[in-house]
Amino acid sequence: MFSCKILLTNRRHILQTTICRAASIAKGNAAIDKRATAVQKPPMQQEHHSSGNGSFDSVLSATAVIFGGSLLTYLITEKIKNDSAKIYAKEVSLDEIRKAHDAVRKDLPEYTMDEIVKHNSPSSGIWVTYGVGVYDITKFVPKHPGSDKVMLAAGGAIDPFWHIFQQHNTEEVLSLLESFRIGNLRPDDVVGTKDLHDPWSTEPKRHPILKPATLKPFNAEPPASILVDSFVTPTQFFYVRNHLPVPDVDVKSYELELENEKTGKGKTIHFKDILNYPKHSVTATIMCGGNRRSEMMDVKPIKGLPWGAAAVGNAEWSGAKLCDVLRDMGVREGDDEGHVQFEGLDTDPTSTPYGASIPLAKAMDPRGDVILAYEMNGQPLNRDHGYPIRVIVPGVVGSRNVKWLGKIVVSRNESTSHWQQNDYKSFSPSTDWDTVDFKTAPAIQNMPVTSAICTPATGEKLAGKDGFVTVKGYAWSGGGSAIVRVDVSADGGKTWTVAKLDETEKGTGPGRHWSWSLWSADVPVKPGQKGAVEILSKAVDSNYNTQPESFTNIWNLRGVVGNAYSRVKVTIN
């Protein structure tokens, strides 16, 4: 819920240098107290810091900026007090920061929860508690991505939220939070995460080949080289994208709620009812909207998981056609104005589910192949991939393929979910978090054409056998467009080799190419060439869309739809 905007560069060196200088010029406890008190909350957007040779105030202020302000100021001051003028050349650890949140600040007042609950809006001030701390985040909330989520905790504890949204449990974020501390919570009102049910206690086991970007929630991708081994990605190697804890669903008591807002009718069906519909299978690629974000991060920092090129997979999905189920909900052929909303059984601490929606026209199109899947690669869905039922929307960004499906709503409106309204949208490279307005951009549906080099990998040393280097990868385009060509170059784009499409989807007809194409190319290198070589790939789809050359001009603050040329740098021996 809080995301730190401070760029920590060479943190250990800067911290040690700053603290040493602060200690060396300390002249006494009284002066330290006076100056430390004067240090205010750090500027939120400062990105470059210098320790300099200035006064104690400027040095301590710089230190406060680096680690979020009052927490580090307080720790340094207390350390200098206790150890006289000893050098405190130690980086503040995550455990120390957590202890600070659990420690009573005797220099700050005490508040009751009855007082805090009154501060739940911008007009009254936005206060939250974490551990024993009370924090005024009024000025920060407008700058936070997903401020609507922040407001769910306004006037209360954020502990339950951060127990689920584990990405906040970092030194940077906890330090930033401490900079907003205004008091201590009365001991009788303290609710810590140790008192909460652990929502992660029933997480499924995963294959060790998956490389986690985060563990809670679990988000991981396989090595990219695995992807080109098989046209259909083995389930255990398929990337995992979870936003919340994985629900543990009993299929015997499973219920799927159906609602048609247009007719005012609704009903609840069970797993066996889905099995009564004709079984339909479709082989489709699912790609995370942030696939290849790490490459975009090389242009400029981005808030998001640093996905490589393997947040994608191709599988055979089987289940009931959504259009068949919608017809039983009163939706008729040609009634394609509106949206179909999906809600998962994965929920946050307020019982708000993950949600998304797709256009009703896509859902009702028999050639759109949208299914309520209960099988993946011929086996029942596993828990990470949506057991017992998930929606599969071929050609569309992965975030709309809602897992652990609990509710379907036919509506005139898009889903109001945070992930539909305030995420998975792209903006101009010049739009930042201070100027972004998510209402101005449409939610991502069809994904753009892309390709990725899966082997060799950046950093590999290769033998230029017979004057060629063998390159393999995948290519895919959303919306059912076919891949018609992949071009590969090893000389900066001066010359291009047309790759062989080794495996591609056939027999599905125009506009129904839901699977990726796997390709390979023997790319020529100069005879006797040695040293660094950059290999490029770009795909062309059946609409003659192709990939942009660079991430620079498609950079966006969420790091989504990243489809610039794929580039790997290797060494030719």
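Refer to the structure presented above.
What you see is a predicted model, and the numbers here were worked out from it, not measured in a lab.

> Provide a residue-level description of the overall build of the protein chain, including the pertinent values.
Broken down by element type, the protein chain carries 15 helices and 28 strands. In the protein chain, which comprises 573 residues, the proportion classed as buried is 54%. Sequence-distant contacts, at least 24 apart, represent 74% of the contacts inside the protein chain between residues at least 6 apart. When the accessible surface of the protein chain is summed, it comes to about 24900 Å², and 50% of that surface belongs to carbon and sulfur atoms.

> Can you explain the nonpolar core? Please cite residues and give values.
The biggest cluster of nonpolar side chains holds 55 residues, and the ones touching the most others in it are Leu 326, Leu 372, Ile 408 and Tyr 474. Sort the elements by how many residues they give to this core and helix H13 (residues 322-327) lands first, with four residues. Those residues within four positions of Ile 408 in sequence are excluded, and the remaining contacts are Leu 256, Glu 257, Leu 258, Glu 259, Leu 322, Leu 326, Met 329, Val 340, Gln 341, Phe 342 and Leu 372. Counting residues in each nonpolar core, the second largest holds 21 residues, with Leu 462, Ala 475, Val 488 and Ala 539 among its members.

> Report on the sheet that holds strand S26 (residues 517-524), specifying residues and quantitative values.
With respect to topology, four strands assemble into an open sheet ordered S20-S22-S26-S25, the strand pairing being antiparallel. Edge positions in the sheet fall to strand S20 (450-455) and strand S25 (500-503), since each of these pairs with one other strand and no more. Going across the sheet, the axis of each strand differs from the next one's by a mean of 35°, ignoring polarity. When S25 meets S26, the two strands line up antiparallel, connected through three bridges. Within S26, the residue paired with Glu 503 across the bridge is Leu 518.

> Quick one: what's the story with the environment of Ala 213, residue by residue and with numbers?
Residue position: Ala 213 is located in strand S7 (residues 211-214). When the C-alpha positions of Ala 213 and Arg 241 are compared, they lie 9.7 Å apart, and in sequence the two are 28 residues distant.

> Please give an account of a negative patch on the surface that cites residues and values.
A cluster of acidic residues, Glu 110, Asp 114, Glu 115 and Asp 188, forms a negative patch on the protein surface. By secondary structure assignment, the location of Glu 110 is in strand S1 (residues 110-111).

> So what's going on with the packing of aromatic side chains? Residues and values would help.
If you walk through the whole model with that rule in mind, you get 11 aromatic pairs. Aromatic side chains Phe 238 and Tyr 239 sit 5.6 Å apart centroid to centroid with 20° between the ring planes, which places their arrangement in the stacked category. For the pair formed by Phe 238 and Tyr 239, the shared burial category is buried. Ring centres of Tyr 474 and Trp 516 lie 5.5 Å apart, and the angle between their planes is 25°; this geometry places the pair in the stacked category. On the criterion of sequence distance, the pair formed by Tyr 474 in strand S22 (residues 468-476) and Trp 516 in the loop between S25 and S26 is long-range, its members being 42 residues apart. A single burial state applies to Tyr 474 and to Trp 516, both of which are buried. By way of ring pairs, the aromatic residues Phe 238, Tyr 239, Trp 307 and Trp 317 are connected into one cluster. In this structure, Lys 300 packs its charged tip against the face of Trp 555, placed 4.1 Å from the ring centre. A cation over a ring is seen here: Lys 538 above Trp 496, with NZ or CZ 4.8 Å from the ring centre.

> Give me the lowdown on the pairing of strand S16 (residues 371-376), citing residues and values where you can.
By the criterion of burial, S16 is predominantly enclosed, with six of the six residues buried. Two strands pair when backbone bridges link them, and strand S13 (residues 312-321) and S16 are joined in this way by five bridges, in the antiparallel orientation. For Trp 317, the partnering residue across the bridge sits in S16 and is Met 376. Note that S16 and strand S18 (residues 390-392) share three bridges and pair antiparallel. By the bridge assignment for S18, Ile 371 is matched with Ile 392. Bridge analysis of S16 against strand S17 (residues 379-380) gives two bridges, and the strand direction is antiparallel. Across the sheet, Met 376 pairs through a bridge with Gln 379, a residue of S17. Connecting the antiparallel pair S16 and S17 is a turn made up of two residues, with Asn 377 showing a positive phi of about 55°.

So, how was this worked out
Residues numbered from 1 in each chain as written. Predicted model: local features only at pLDDT ≥ 70, side-chain atom pairs only at ≥ 80, totals over all residues. Heavy atoms only, no water. Helix = DSSP H or I, 4+ residues; strand = E, 2+ residues; numbered from the N terminus. Buried < 20%, exposed > 50% of the residue type's maximum accessible area, 1.4 Å probe, protein only. Contact = heavy atoms within 4.5 Å. Areas by Shrake-Rupley, 256 points an atom, 1.4 Å probe, with all protein chains shown as cover. Core = buried A, V, L, I, M, F, W, Y, C linked by side-chain atoms within 4.5 Å. Pairing = 2+ DSSP bridges. Axes fitted to C-alpha atoms, helices over the stretch in contact; angles between N-to-C directions. Patch = residues over 30% accessible without salt bridge, like charges linked within 9 Å, V, L, I, M, F, W, Y side chains within 5 Å. Salt bridge = Lys/Arg side-chain N within 4 Å of Asp/Glu carboxyl O. Lys, Arg positive; Asp, Glu negative; His and termini not counted. Charge placed at Lys NZ, Arg CZ, Asp CG, Glu CD. Phe/Tyr/Trp six-rings, centres within 6.5 Å; stacked < 30°, edge-to-face > 60°. Lys NZ or Arg CZ within 6 Å of the ring centre and 35° of its normal.

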